[in-house]
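Notes for the structure review
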Amino acid sequence: QVQLVESGGGLVQPGGSLRLSCAASGSSFSINVMGWYRQAPGKQREMVARITSGGSTNYGDSVKGRFTISRDNAKNTVYLQMNSLKPEDTAVYYCNADTYDFRVAQYTNYWGQGTQVTVSS
């Protein structure tokens, strides 16, 4: 079993910045892809950014050039640096991880509990 714990959400003014963190904990596992998704009220969950263990990244069109995803493999932690925030970035942001459990030779996808990001003046 892997747990994902997010932190760093909050209230920020338009044009401001926030940095989200997500730490994975557990035993006997590895993580291939880690990512961030978001869901605004009344909308479907959408991919914000994803990063592989090798550092390859991809971003949703709405955040390209403003958000940067990174990870520390030694700490099993992924980060999302969000700059030039807009009111439309307001959402609950969820961490996601594709994991492999060595003990049972099984791939499992996990979600964090979510952290609220509100962009408002």
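To keep things clear, this report deals only with the structure shown in the data block. This is a predicted model, so every value here is computed, not measured.

What counts and what doesn't
The residue count restarts for each chain, going from 1 along the sequence in the order it is written. Owing to the predicted nature of the model, reporting of local features is limited to residues with pLDDT of at least 70; listing and counting of side-chain atom pairs is limited to 80 or more, with chain, interface and lining totals taken over all residues. With hydrogens and water set aside, each side-chain value is computed from the structure's full complement of heavy atoms. Grid points spaced at 1 Å and placed over the protein atoms alone form the basis of the search, with a cavity being a set where a 1.4 Å probe fits but cannot get out and a pocket an open set showing protein on both sides within 12 Å along at least five of seven lines. Lining residues have an atom within 4 Å of a point. Grid points are joined across faces, edges and corners, and a volume is the space filled by probe spheres set on the points. Each helix is a run of H or I in the DSSP string that is no shorter than four residues. Each strand is a run of E no shorter than two, and both are numbered from the N terminus. Any residue outside Ala, Val, Leu, Ile, Met, Phe, Trp, Tyr, Cys, Pro, Asp, Glu, Lys and Arg is labelled polar, Gly included; the first ten of those are nonpolar and the last four are charged. Being paired, for any two strands, means DSSP has found at least two bridges between them. Cysteine sulfurs are considered disulfide-paired once they come within 2.5 Å of each other. Relative accessibility thresholds used throughout: buried, under 20% of the residue-type maximum; exposed, over 50%; partly exposed, between the two (1.4 Å probe, protein chains only).

1. Here's the deal with empty space enclosed by the protein
- Tallying each qualifying case throughout the model produces 1 cavity of 30 Å³ or more.
- Space inside the largest cavity adds up to approximately 30 Å³.
- Gln1, Val2, Phe29, Thr99, Asp101, Thr108 and Tyr110 together form the lining of the largest cavity.
- Taken together, the elements giving at least two residues each to the lining of the largest cavity come down to strand E9 (91–101) and strand E10 (106–111).
- When grouped by side-chain class, the residues that make up the lining of the largest cavity number 3 nonpolar, 3 polar and 1 charged.

2. With respect to the pairing of strand E3 (residues 18–25)
- Relative to E3, strand E1 (residues 3–7) runs antiparallel, the two sharing 5 bridges. Bridge assignment links leucine 4 to a residue of E3, and that residue is alanine 24.
- Here E3 runs beside strand E8 (residues 77–82); their pairing, made up of 6 bridges, is antiparallel. Looking across to E8, one finds that cysteine 22 is bridged to valine 78.

3. Side note on the state of the cysteines
- Applying the stated criterion across every chain yields a total of 1 disulfide.
- Each disulfide pairs two cysteine sulfurs, and for cysteine 22 the partner residue is cysteine 95, the sulfurs being separated by 2.1 Å. Between cysteine 22 and cysteine 95, the disulfide has an S-S torsion of -85° and is therefore left-handed. Of this pair, cysteine 22 sits in strand E3 while cysteine 95 sits in strand E9, and the two are 73 residues apart along the sequence.
- Overall, the relative accessible area of 0% leaves cysteine 22 in the buried class.

4. Overview of unusual backbone geometry
- Non-glycine residue serine 84 carries a positive phi angle of around 50°.
- Positionally, serine 84 belongs in the loop between E8 and E9.
- Residue alanine 105 is not a glycine yet carries a positive backbone phi of 50°.
- Structurally, the position occupied by alanine 105 is in the loop between E9 and E10.

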